[in-house]
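Spelled out, the chains give:
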Amino acid sequence: MLAAPLFIDVRAGAVAGLGTLLSDLQIARSGRVAVAVGPSQGDAIRDELRIDGAEVLRIPDGSLASAVELGQRLRSGQFEAIAGIGGGKTIDVAKFAAHMAGIPMVAVTTSLGHDGIASPVSTLRHESGTGSYGVVMPTAVLVDLDRVRSAPAALSTAGIGDVISDLSAVADWELAAAEVGEQIDGLAVAMARSAALVVLHQPGPARGDEFLTVLAESLIMSGMSMAVAGSSRPASGGDHEIMHAVNELFPGTASHGELAGVGALFCTFLRGDDAKAELISACLRRHGLPRTPADLGLSDADFAKAVAYAPRTRPGRYTILEHLDLSEPQLTDRVSAYVKTFTA
Ligand SMILES: [Zn+2]
């Protein structure tokens, strides 16, 4: 069985259609709807939405504690549905809270930073790092291109790196199938790979409607590939292990999408797939996304340290990193060859 959103709408001004959507799909009949927004969102959103009986709830941060608190509030307030309006953090908190309260959730995305827009996973911060929690897929997904465009450039399209990393994640999955007999899900692979390829070959400009639509749809497909697979496998391989490692060892270095893109390029380089690495590098470069440790503000030694640590972030996942099992001197070597190749 495939859990998929009932409704997907990617366009400029999509937020304004939220009220109609909620009543048309009968997600909320009595109108008791919670609208979760991030701390930077003003009260203007209430007037813009024009949903009678909607209560705007402000989410302070992307922590597990905030998500649990919101879940309790949804339950005690007897809300019928929740709409999360914002970037990744707000959506993740709202998804978790909706799951906890057992009510439908509509994701209204205002930045294209990663593929969690339409995934059954919520990523939240807790005392000792970040956790990924299985939740119910959003009932509907709206992507407002006007809001995506007005978000800071670095955040709004960093999801390019996240969706491109599917190419590396799929290659890791195929490697695991060949080496350790892991079962592959063909539909999940098809969705993840085509989502990545269409972004890889779509020239831009990155803030034009056509590109943003392709990116939004690809991120949705990538998120859904995880629902099909029943795990993050099609969208998370050695690339995401490197991302998690950088986040643990050097917190605050860069965003999810930026790190996933660098991780994918490095893993593709390690795999010796020069043609694919060249394409990924060109795409990241075209969109102003980081490619090298220096672009991330890390030294080569720190990056090598993160790559060495990476397999520990996801025990049991077989990727190119576990496969090669490089020693520290070997890794230092590979990182310096990588930097030489992609510094230009
Ligand atoms: Zn990701």
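Each value, and the rule that gives it
Residues numbered from 1 in each chain as written. Predicted model: local features only at pLDDT ≥ 70, side-chain atom pairs only at ≥ 80, totals over all residues. Heavy atoms only, no water. Helix = DSSP H or I, 4+ residues; strand = E, 2+ residues; numbered from the N terminus. Buried < 20%, exposed > 50% of the residue type's maximum accessible area, 1.4 Å probe, protein only. Contact = heavy atoms within 4.5 Å. Salt bridge = Lys/Arg side-chain N within 4 Å of Asp/Glu carboxyl O.

Enquirer: Looking at this structure, how should I read the environment of E179?
Expert: Following the sequence through the fold, E179 ends up in helix α7 (residues 159-180). Note on E179: relative accessible area 44%, which makes it partly exposed. If sequence neighbours within four positions are ignored, E179 has contacts with Y318 and H323.

Enquirer: Looking at this model, I keep getting lost on the pattern of salt bridges. Mind explaining?
Expert: Taken as a whole and judged by the stated rule, the model has 8 salt bridges. For D209, the salt bridge goes to R149, with nearest N and O atoms at 2.8 Å. Here the residue D209 occupies a position in helix α9 (residues 209-229), and R149 occupies one in helix α5 (residues 145-150), the gap between them amounting to 60 residues. Residue class for D209 comes out partly exposed when judged on its relative accessible area of 40%. Its salt-bridge partner being D172, residue R271 comes within 2.9 Å of it at the nearest N-O pair. In this pair, R271 is assigned in the loop between α11 (256-270) and α12 (274-286) and D172 in helix α7, connecting sequence segments 99 residues apart. Given the relative accessible area of 25%, R271 is considered partly exposed. Residue classification places D172 among the buried residues on the basis of a relative accessible area of 0%. Within this structure, D146, R149 and D209 form a network of salt bridges that share partners.

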